[in-house]
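Okay, here's what each chain looks like letter by letter:
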Amino acid sequence: MSNRRTPLYAWHVEHGARMVPFGGWDMPVQYTSVIEEHKAVRSGAGLFDISHMARLHFSGPDSLPLLEKVFTNKVTGMKDGQVKYGLVLNEDGHILDDVLVYKWFDDYSMVVNASNREKIVAWLKAHSGKGKVKLVDATESTVMIAVQGPTAIDLMRQVFESEETALKYYYARRTWYRDEVCIVSRTGYTGEDGFEVIVDNKFAKRIWQQFHDAGAVACGLGARDTLRLEAAMPLYGHELSEAINPLDAGLGWAVKMDKDDFIGNAALEKLTGIRNVRVGLELEGNRAAREGCPLVVDGTPVGTTTSGSYVPTLEKSIAMGYVPSTHAAVGTAIQVDIRGSMVPAKVVAMPFYKRPGK
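Residues numbered from 1 in each chain as written. Predicted model: local features only at pLDDT ≥ 70, side-chain atom pairs only at ≥ 80, totals over all residues. Heavy atoms only, no water.

## Side note on the sheet that holds strand β6 (residues 83-89)
At step 1: With antiparallel pairing, five strands are arranged side by side in an open sheet as β6-β7-β8-β5-β9. Whereas interior strands pair on both sides, the edge strands pair on one side only; in this sheet they are β6 and β9 (134-137). The sheet shows a mean angle of 25° between the axes of neighbouring strands, direction not considered.
At step 2: By the bridge criterion, five bridges tie strand β5 (residues 54-59) to strand β8 (residues 108-112) in an arrangement that is antiparallel. In the sheet register, H57 faces β8, and the bridge partner there is S109. (Pairing = 2+ DSSP bridges. Helix = DSSP H or I, 4+ residues; strand = E, 2+ residues; numbered from the N terminus. Axes fitted to C-alpha atoms, helices over the stretch in contact; angles between N-to-C directions.)

## Structural notes on the side chain of D98
At step 1: Tracing the backbone shows D98 in strand β7 (residues 95-103).
At step 2: For D98, which is buried and forms no salt bridge, the nearest opposite charge comes from R278, at a distance of 9.0 Å.
At step 3: Contact partners of D98, with chain neighbours within four places excluded, come to Y85, G86, L87, N113, P234, Y236 and L240. (Buried < 20%, exposed > 50% of the residue type's maximum accessible area, 1.4 Å probe, protein only. Lys, Arg positive; Asp, Glu negative; His and termini not counted. Salt bridge = Lys/Arg side-chain N within 4 Å of Asp/Glu carboxyl O. Contact = heavy atoms within 4.5 Å.)

## Brief notes about the packing of aromatic side chains
At step 1: Evaluated as defined, the whole model comprises seven aromatic pairs.
At step 2: A centroid spacing of 5.5 Å and a plane angle of 20° characterise the contact between Y85 and W253, whose relative ring orientation is stacked. Pair noted here: Y85 is in strand β6 and W253 is in the loop between α7 (221-230) and α8 (265-269), with a separation of 168 residues, a long-range link.
At step 3: Accessibility expressed as a relative area gives 13% for Y85, which makes it buried.
At step 4: What makes W253 exposed here is its relative accessible area of 51%.
At step 5: Both rings, one in F160 and one in Y177, keep their centres 5.9 Å apart while their planes meet at 55°; by these two values the pair is tilted. Highlighted residues: F160 in helix α5 (residues 152-160) and Y177 in strand β11 (residues 172-177), separated in sequence by 17 residues. (Phe/Tyr/Trp six-rings, centres within 6.5 Å; stacked < 30°, edge-to-face > 60°.)

What follows is the structure, given as structure tokens:
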């Protein structure tokens, strides 16, 4: 079966993007170079097509009970327009996906990773039972774009000419674009300030072109990956999977163990002893430690890397991976086996990068 294409596919091709399959979609990995696009986001504003992310909408009186059951963070008490990050777990406490939940006046939305769309939709339907929940998948009727970087707020003012720039971090607003309702949220996946916008497909090229004409640099998935790596943001299929629980992944802050029972809660409560945990690594030299490099202490393999790259902002080679908690302290010396070469590294605090003033 061929991959899906976003409404912006033709624009990407026309502007020289190298397209790659990702999560069942054909997506731009880069236009010029990953380094140029990465630096554009850190210094100005980058423009990302993230329409491959699944966009779900919940309405009906049993939407809240369903979300409390399947989501690790608290939904009850969320303010109108508030956005929360959290996990969807299986009964073993392992991660089915990491998602964003949006609270509206009397309904909810959820953004899901592209590769997990069908799995999560099926999971939600299975656990809604006979409850009064209407679940609408708006992924293929809408486009989702991200404007990220220190000048993103200025670009939003030019395109929307309204109050969206007053949004607090991790808040969203239903607003208007060309006389039609759209969603603007102050969220992102780059470590920079920025916004994510969801609009109807018919406006995709128009709003994308407006941001581009205003000065946003079109960026691909390559830069998005190095940006999120610098910010130590986990990626599903790398740092997160159905073999990993959120506490070992360092996401305990998004798991509210004191809330009403949620799927996976009982399994998490039973975790004890030495476990493999996510750590940040800084390598000597410029060689990149890609996914799957063995991590070695005193000649003994203790874990593997999950993501790694030489990153432009820090001008260093960094990685994330999992090691036993006994080797997770900041400053611990670890060797990274990169295709047979043992590269010295050390455990460092995450995130690797924080935007100025944060």
